[in-house]
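Structural features, examined
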Amino acid sequence: MYKWIASGIIALACLFAVYLITYNMPEKEESAEPSSLIAIPATPVDADAALQVYKSNCLSCHGDQLSGGFAPNLTNVGTSMTKEKIYKQIKQGGGGMPKFEDRLTEDELVNITNWLAGMKK
Ligand code: HEC
């Protein structure tokens, strides 16, 4: 008798665990921010800091003076891309570019995004 009750409880616990696992899954996927919801604060650009970050992280691919090389020329990127796209590209990388979300602080990311968004020929 007790055996049946015990295995009943275990079975219920298992079902509940499965329910919790499957129930939580879609939530986790949704937590990745859709790019349309990213808002880049319009902080004043610290050009010196941006250039510093650029030199140590980006120059090797994007070239001296943003002139391009292995990677696209960025001198006019403020015209061809929105701030949100620039931010996403730097943060998440893609298309041969590494992601920088673990290498730059949020402030550095926002600053270099705003700096690049001002690059218009
Ligand atoms: C290892 C080389 C590499 C490094 C380092 C790198 N990038 Fe890139 N980047 C690329 C490549 C390759 C692309 C083109 C991606 C594509 O076409 O999808 C790109 C694309 C971009 C774009 C989009 C340009 C466009 O016109 O499509 C931006 C903005 C950008 N990079 C900014 C940066 C910044 C800022 C840094 C430094 C924090 C950086 N990148 C570091 C290789 C690099």
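The shown structure was predicted, so the numbers you read here are calculated from the model rather than taken from an experiment. (Residues numbered from 1 in each chain as written. Predicted model: local features only at pLDDT ≥ 70, side-chain atom pairs only at ≥ 80, totals over all residues. Heavy atoms only, no water.)

1. Observations concerning the overall build of the protein
Counting its secondary structure elements, the protein contains 6 helices and 0 strands. Along its sequence from the N terminus, the protein presents helices and strands in the succession α-α-α-α-α-α. Looking at the 121 residues of the protein, the share that counts as buried comes to 26%. When contacts within the protein are restricted to residue pairs at least 6 apart in sequence, those whose partners lie at least 24 apart make up 64%. With the model as given, the accessible surface of the protein reaches about 8700 Å², and the carbon-plus-sulfur share is 62%. (Helix = DSSP H or I, 4+ residues; strand = E, 2+ residues; numbered from the N terminus. Buried < 20%, exposed > 50% of the residue type's maximum accessible area, 1.4 Å probe, protein only. Contact = heavy atoms within 4.5 Å. Areas by Shrake-Rupley, 256 points an atom, 1.4 Å probe, with all protein chains shown as cover.)

2. Comments concerning unusual backbone geometry
Backbone geometry at Gln-65 places phi at a positive 60 degrees, although glycine is not the residue there. Along the chain, the position of Gln-65 falls in the loop between α3 (59–62) and α4 (77–80). Here Gln-65 falls in the exposed class, since its relative accessible area comes to 62%. Backbone geometry at Leu-66 places phi at a positive 60 degrees, although glycine is not the residue there.

3. Quick look at the nonpolar core
Within the largest apolar cluster, 21 residues are counted, with the highest numbers of intra-cluster contacts made by Tyr-54, Leu-66, Ile-90, Ile-112, Trp-115 and Leu-116. Put simply, the parts of the chain that give this core at least two residues each are α2 (47–57), α5 (83–92) and α6 (106–117). No other element matches α6, which puts 6 residues into this core. Dropping the residues within four chain positions of it, Leu-116 is found in contact with Leu-66, Leu-74, Val-77, Gly-78, Ile-86 and Ile-90. (Core = buried A, V, L, I, M, F, W, Y, C linked by side-chain atoms within 4.5 Å.)

4. What to know about the coordination of the iron atom of the ligand
Looking at the metal site, the iron atom of the ligand is ligated by His-62 (NE2) and Met-97 (SD), spaced 1.9 to 2.1 Å from it. Classification of the site at the iron atom of the ligand rests on its 6 donor atoms, whose angles at the metal span 85 to 179 degrees, yielding the label octahedral. One end of the pair, His-62, is in helix α3; the other, Met-97, is in the loop between α5 and α6, and 35 residues separate them in sequence. (Donors = N, O, S within 2.8 Å, 3.2 Å for Na, K, Ca; no water. Tetrahedral: all angles 85-135°; square planar, octahedral: opposite > 155°, others 65-115°.)

5. Some details on the packing of aromatic side chains
What describes a pair of aromatic rings is the distance from one ring centre to the other and the angle between the planes of the rings. Throughout the structure, instances matching the rule amount to 1 aromatic pair. Between the NZ or CZ atom of Arg-103 and the centre of the ring of Phe-100, over which it lies, the distance is 4.8 Å. (Phe/Tyr/Trp six-rings, centres within 6.5 Å; stacked < 30°, edge-to-face > 60°. Lys NZ or Arg CZ within 6 Å of the ring centre and 35° of its normal.)

6. A word on the site of the ligand
Taken together, 19 residues lie around the ligand, and Asn-57, Cys-58, Cys-61, His-62 and Met-97 are the ones closest in. With respect to the ligand, the side chain of His-62 contributes an N or O atom lying 2.7 Å from a nitrogen atom. Considering each element in turn, the shell around the ligand owes the most residues, 3 residues, to α5. Taken together, the residues that form the shell around the ligand break down as 14 nonpolar, 5 polar and no charged. (Near = heavy atom within 4 Å. Polar contact = N/O pair within 3.5 Å; in protein donor to acceptor, adjacent residues only side chain to side chain. Nonpolar A, V, L, I, M, F, W, Y, C, P; charged D, E, K, R; others polar.)

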